[in-house]
Amino acid sequence: MRNDEYYMRLAIEEAKKAEQMGEVPIGAVIVQNDEIIAKAHNLRERDQRAIAHAELLAIDEACQKLGTWRLENATLYVTLEPCAMCAGAIVLSRIKRVVFGASDPKGGCAGTLMNLLQEKRFNHQAEVIGGILERECGELLSQFFRQLREKKKQQKRGLLSN
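All values derive from a computational prediction rather than experimental measurement.

Engineer: So what's going on with the UniProt feature "binding site: Zn(2+)" (unreviewed entry) in the protein chain? Residues and values would help.
Structural biologist: When the UniProt feature table is mapped to this numbering, "binding site: Zn(2+)" (unreviewed entry) covers His53, Cys83 and Cys86. These residues run over 34 residues, yet every pair of their C-alpha atoms falls within 9.4 Å of each other. Mapping Cys83 onto the fold places it in the loop between strand 3 (74-80) and helix 4 (84-92). When sequence neighbours within four positions are dropped, the list of residues in contact with Cys83 reads His53, Glu55, Gly107 and Cys109. Turning to its location among the elements, Cys86 is positioned in helix 4. Filtering out sequence-adjacent residues up to four positions away, Cys86 remains in contact with His53, Glu55 and Leu56.

Spelled out as structure tokens, the structure:
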């Protein structure tokens, strides 16, 4: 049986695919019975769809592959703590376990800002494990946004010097 770090590394590879496309580098992998049933990365910019988050795309792929909306025995690996929208989809799809890399202090809904995944008032709660390969996952995001800020500075300088 493979461990959480193994699958998180696959999620990181998905995140790198997003980065190569100019997307925020977030990747997700869904595993059931030690088999990968879905992989995805952010596609919001390419598709111009607010809901094209890695988690939602992976959940949709897994449901289609299995022919059911219930992912009761699945584990979702994602490089960044899920947002409210993705946490809602995780609860609604009955994912058993969520393993994430970096925490998200501005929007994390798996324990940082709030914890929708373990909210007792919902009819489903997921087991949550955070901080798996946290440094690698966080650095991917930090580097991406650092480069984006630098690019914007250079564009601004270019506009001002003309």
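Engineer: Describe unusual backbone geometry, and please don't skip the residues or the numbers.
Structural biologist: We note that Gln48 has phi near 50°; this positive angle belongs to a residue other than glycine. Of note, Gln48 is situated in the loop between helix 2 (44-47) and helix 3 (54-66). Positive phi values are uncommon outside glycine, yet Arg94 reaches one of about 65°. Residue classification places Arg94 among the buried positions, given a relative accessible area of 17%.

Engineer: Describe the packing of helix 3 against helix 4, with residues and values.
Structural biologist: Two elements in contact, helix 3 and helix 4, have axes whose closest approach is 9 Å; the angle formed by their N-to-C orientations is 20°. Taken together, the axes of helix 3 and helix 4 lie roughly parallel to each other. For the pair helix 3 and helix 4, the crossing hand works out as left-handed. Facing Glu55, Leu56 and Ile59 of helix 3, the residues of helix 4 in contact are Met85, Cys86, Ala89 and Ile90. Across the contact of helix 3 with helix 4, the residue classes tally to six nonpolar, no polar and one charged.

Engineer: Please give an account of the sheet that holds strand 1 (residues 27-32) that cites residues and values.
Structural biologist: The strands making up a sheet are joined through hydrogen bonds of the backbone, oriented either antiparallel or parallel. What the five strands build is an open sheet, ordered 2-1-3-4-5; its pairing is mixed. Only two strands of the sheet have a single partner each, and these edge strands are strand 2 (35-41) and strand 5 (127-129). Within this sheet the neighbouring strands show an average axis-to-axis angle of 15°, counted without direction.

Engineer: Describe in detail the UniProt feature "domain: CMP/dCMP-type deaminase" (unreviewed entry) in the protein chain, supporting the description with residues and values.
Structural biologist: Sites flagged by UniProt as "domain: CMP/dCMP-type deaminase" (unreviewed entry) map to residues 2-148. Across residues 2-148 one finds 39% helix and 20% strand; the C-alpha atoms that close the span lie 35 Å apart.

Engineer: Can you lay out the packing of aromatic side chains for me, pointing to particular residues and giving the numbers?
Structural biologist: Tallied over the entire structure, the rule returns three aromatic pairs. An aromatic cluster of three or more residues is present, and its members are Tyr6, Tyr7 and Tyr77.

Engineer: So what's going on with the pairing of strand 1? Residues and values would help.
Structural biologist: For strand 1, the buried fraction is high: six of the six residues fall into the buried class. Burial of strand 1 is two-sided: the residues Gly27, Val29 and Val31 facing one way and the residues Ala28, Ile30 and Gln32 facing the other way are all buried. Bridge count between strand 1 and strand 2: six bridges; the pairing is antiparallel. When the sheet's bridge partners are listed, Ile30 is paired in strand 2 with Ala38.

Each value, and the rule that gives it
Residues numbered from 1 in each chain as written. Predicted model: local features only at pLDDT ≥ 70, side-chain atom pairs only at ≥ 80, totals over all residues. Heavy atoms only, no water. UniProt positions renumbered as here; feature names shortened; annotations may be inferred. Helix = DSSP H or I, 4+ residues; strand = E, 2+ residues; numbered from the N terminus. Contact = heavy atoms within 4.5 Å. Buried < 20%, exposed > 50% of the residue type's maximum accessible area, 1.4 Å probe, protein only. Axes fitted to C-alpha atoms, helices over the stretch in contact; angles between N-to-C directions. Parallel < 35°, antiparallel > 145°, perpendicular 65-115°, else oblique. Left-handed = near helix turned anticlockwise from the far one by under 90°. Nonpolar A, V, L, I, M, F, W, Y, C, P; charged D, E, K, R; others polar. Pairing = 2+ DSSP bridges. Phe/Tyr/Trp six-rings, centres within 6.5 Å; stacked < 30°, edge-to-face > 60°.

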